[in-house]
Amino acid sequence: MGCTQDELVGLVETIVKQIVDDVDAVKVEGQAKENEPYFIEVTVNDNDYGHVIGRQGRIIKSIRTLARAAASQSGYRVDVELASQ
């Protein structure tokens, strides 16, 4: 059984909030476009940007991998991008 798009946004938001210092600044939004992967944009405080990326991008890559694995069970694709405020 797979995840809905709202559950994917919740998954990414839960993971990111565990990593950052300024939890209130975390904003995760999902956007669906026809014939394109579901797009999830994560916005964090500038000071937390490095925490979410991690060394050599390992943390954001792991978040993307988890989101893609959850989405693949539902038969759709997902992209996760990080933005700063």
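Per chain, residues are indexed from 1 in the order of the written sequence. Only residues with pLDDT of 70 or above have their local features reported here, since the model is predicted, and side-chain atom pairs are shown and tallied only from 80 upward, although totals for entire chains, interfaces and linings are computed over all residues. Hydrogens and water molecules were not included; the side-chain quantities draw on all heavy atoms of the structure.

(A) View of the overall build of the protein chain. Secondary structure elements follow DSSP: runs of H or I no shorter than four residues count as helices, runs of E no shorter than two count as strands, and numbering proceeds from the N terminus. Check the secondary structure of the protein chain and you find 3 helices and 3 strands. With respect to the principal axes defined by its C-alpha atoms, the protein chain has extents near 35 × 20 × 20 Å. Looking at the 85 residues of the protein chain, the share that counts as buried comes to 31%. Taken as a whole, the protein chain presents about 5,400 Å² of accessible surface, with 44% of it coming from carbon and sulfur. Computed over 9 positive and 14 negative side-chain charges, the separation of the two mean positions in the protein chain equals 9 Å. Relative accessible area decides the class of each residue, using a 1.4 Å probe on protein chains only: under 20% of the type maximum gives buried, over 50% gives exposed, and in between gives partly exposed. Under the convention used here, a 1.4 Å probe and the Shrake-Rupley method define accessible areas, while residue burial counts only the protein chains that appear. Note that His is not counted, nor are the chain ends; the positive residues are Lys and Arg, and the negative ones are Asp and Glu. Note on charges: their place is set at NZ of Lys, CZ of Arg, CG of Asp or CD of Glu.

(B) Representation of unusual backbone geometry. Its identity as a non-glycine residue notwithstanding, asparagine 35 has a phi of 65°, on the positive side. When you line up the elements, asparagine 35 lands in the loop between β1 (27-31) and β2 (38-44). The class for asparagine 35 is exposed, based on a relative accessible area of 74%. With a phi angle near 55°, glutamine 56 is a residue other than glycine that sits in the positive phi range.

(C) Spatial organisation of the pattern of salt bridges. Should a side-chain nitrogen of Lys or Arg be within 4 Å of a carboxyl oxygen of Asp or Glu, the pair is scored as a salt bridge. The final tally for this structure, using the stated rule, is 4 salt bridges. A salt bridge links glutamate 29 to lysine 27; its shortest N-O distance comes to 3.6 Å. Take lysine 27: its relative accessible area is 45%, and that puts it in the partly exposed class. The residue aspartate 79 makes a salt bridge to arginine 68 at a minimum N-O spacing of 3.7 Å.

(D) Up close: the pairing of β1. Here, any two strands with at least 2 DSSP bridges between them count as paired. In this sheet, β2 lies alongside β1 in antiparallel orientation, the contact comprising 5 bridges. Counterpart to valine 28 in the pairing with β2 is valine 42. In sequence, β1 turns back onto β2 through a hairpin of 6 residues, with asparagine 35 there showing a positive phi of about 65°.

(E) Representation of helix α1 (residues 5-19). By definition here, a helix of n residues has an expected span of 1.5 Å times n minus one. The end-to-end C-alpha distance of α1 is 22 Å, a good match for the 21 Å that 15 residues give at a rise of 1.5 Å each. Among the residues of α1, those classed as buried are Leu8, Val9, Val12 and Val16. The buried side chains of α1 occupy one side of the element, clustering within an arc of 100° when seen end-on. Of the residues in α1, the exposed ones pointing more than 90 degrees away from the buried face are Asp6 and Gln18. By construction, the arc corresponds to the directions joining the helix axis to the C-beta atoms.

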